[in-house]
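Below, each chain spelled out in residue letters.
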Amino acid sequence: MWRNIEGLSKTIDYYLDESLIWDENDEMLPLHLASTTGLLKIVFKVSSQLLDDVLPEDLVSVVIEASLKHFDTSVVGETVVVGVRVTEVRENKIKFTGLITSKNNKIFEVSFTRIIVSKDYLRRKAIEKTT
């Protein structure tokens, strides 16, 4: 079922909260700008939610590559529109595009790939790493 999802998309409004603040530079911190990594995390989460609706319970998706462009600033406290679309499905790899806009202005754009893996496989790998 999940292999036939090319073109599937999800769009949500998202309130940028304090957890997304750009904090790499103390002088810029009071500007309350949203960080690039925070915006990336939002897009990844929306894509994960989209797949949660179509993947069997024993499978999960993991981001394995991404290419992004951050076009404009966004401020914590602002609501943005986040959209993701499945652009290609090949074997167990799903390619996405993601876009964040505010007041019809492009803020952030990303292309990325998620791989579908067994939850049991990830559990085994985690145990191997800790023993």
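Conventions used here
Residues numbered from 1 in each chain as written. Predicted model: local features only at pLDDT ≥ 70, side-chain atom pairs only at ≥ 80, totals over all residues. Heavy atoms only, no water. Pairing = 2+ DSSP bridges. Helix = DSSP H or I, 4+ residues; strand = E, 2+ residues; numbered from the N terminus. Patch = residues over 30% accessible without salt bridge, like charges linked within 9 Å, V, L, I, M, F, W, Y side chains within 5 Å. Areas by Shrake-Rupley, 256 points an atom, 1.4 Å probe, with all protein chains shown as cover. Salt bridge = Lys/Arg side-chain N within 4 Å of Asp/Glu carboxyl O. Lys, Arg positive; Asp, Glu negative; His and termini not counted. Charge placed at Lys NZ, Arg CZ, Asp CG, Glu CD. Buried < 20%, exposed > 50% of the residue type's maximum accessible area, 1.4 Å probe, protein only. Contact = heavy atoms within 4.5 Å.

### Quick notes on the pairing of strand β5 (residues 105-118)
Successive residues of a regular strand alternate their side chains across the two faces of the sheet.
(1) Moving on: Across 11 bridges, the pairing between strand β2 (residues 59-70) and β5 is antiparallel. Within the sheet, the bridge partner assigned to Leu 68 lies in β5 and is Val 110.
(2) Moving on: In this sheet, β5 lies alongside strand β4 (residues 93-102) in antiparallel orientation, the contact comprising 10 bridges. Note that in β5 the partner of Phe 96 across the bridge is Phe 112.

### Details of a negative patch on the surface
(1) Moving on: Taken together, Asp 52, Asp 53, Glu 57 and Asp 58 make up a surface patch of like negative charges.
(2) Moving on: Structurally, Glu 57 can be placed in the loop between α1 (36-52) and β2.
(3) Moving on: We classify Glu 57 as exposed; its relative accessible area is 70%.

### A few points about unusual backbone geometry
(1) Moving on: Despite not being glycine, Lys 103 shows a phi value in the positive range, around 50 degrees.
(2) Moving on: Of note, Asn 104 is a non-glycine position whose phi angle comes to about 65 degrees, a positive value.
(3) Moving on: Structurally, Asn 104 can be placed in the loop between β4 and β5.
(4) Moving on: On the basis of relative accessibility, which here comes to 80%, the residue Asn 104 falls in the exposed class.

### Comments concerning a nonpolar patch on the surface
(1) Moving on: Taken together, the side chains of Val 62, Ile 64, Tyr 121 and Leu 122 define a hydrophobic patch exposed on the protein surface, amounting to about 310 Å² of accessible area.
(2) Moving on: Elements represented by at least two residues in the nonpolar patch include exactly β2 and α2 (119-130).

### Overview of the environment of Tyr 14
(1) Moving on: Tracing the sequence through the fold places Tyr 14 in strand β1 (residues 9-15).
(2) Moving on: Expressed as a C-alpha distance, the spacing of Tyr 14 and Lys 106, which sit 92 residues apart in the sequence, is 15 Å.
(3) Moving on: If we ignore the near neighbours within four places in the chain, the residues touching Tyr 14 are Leu 20, Ile 42, Glu 78, Thr 79, Val 80 and Val 82.

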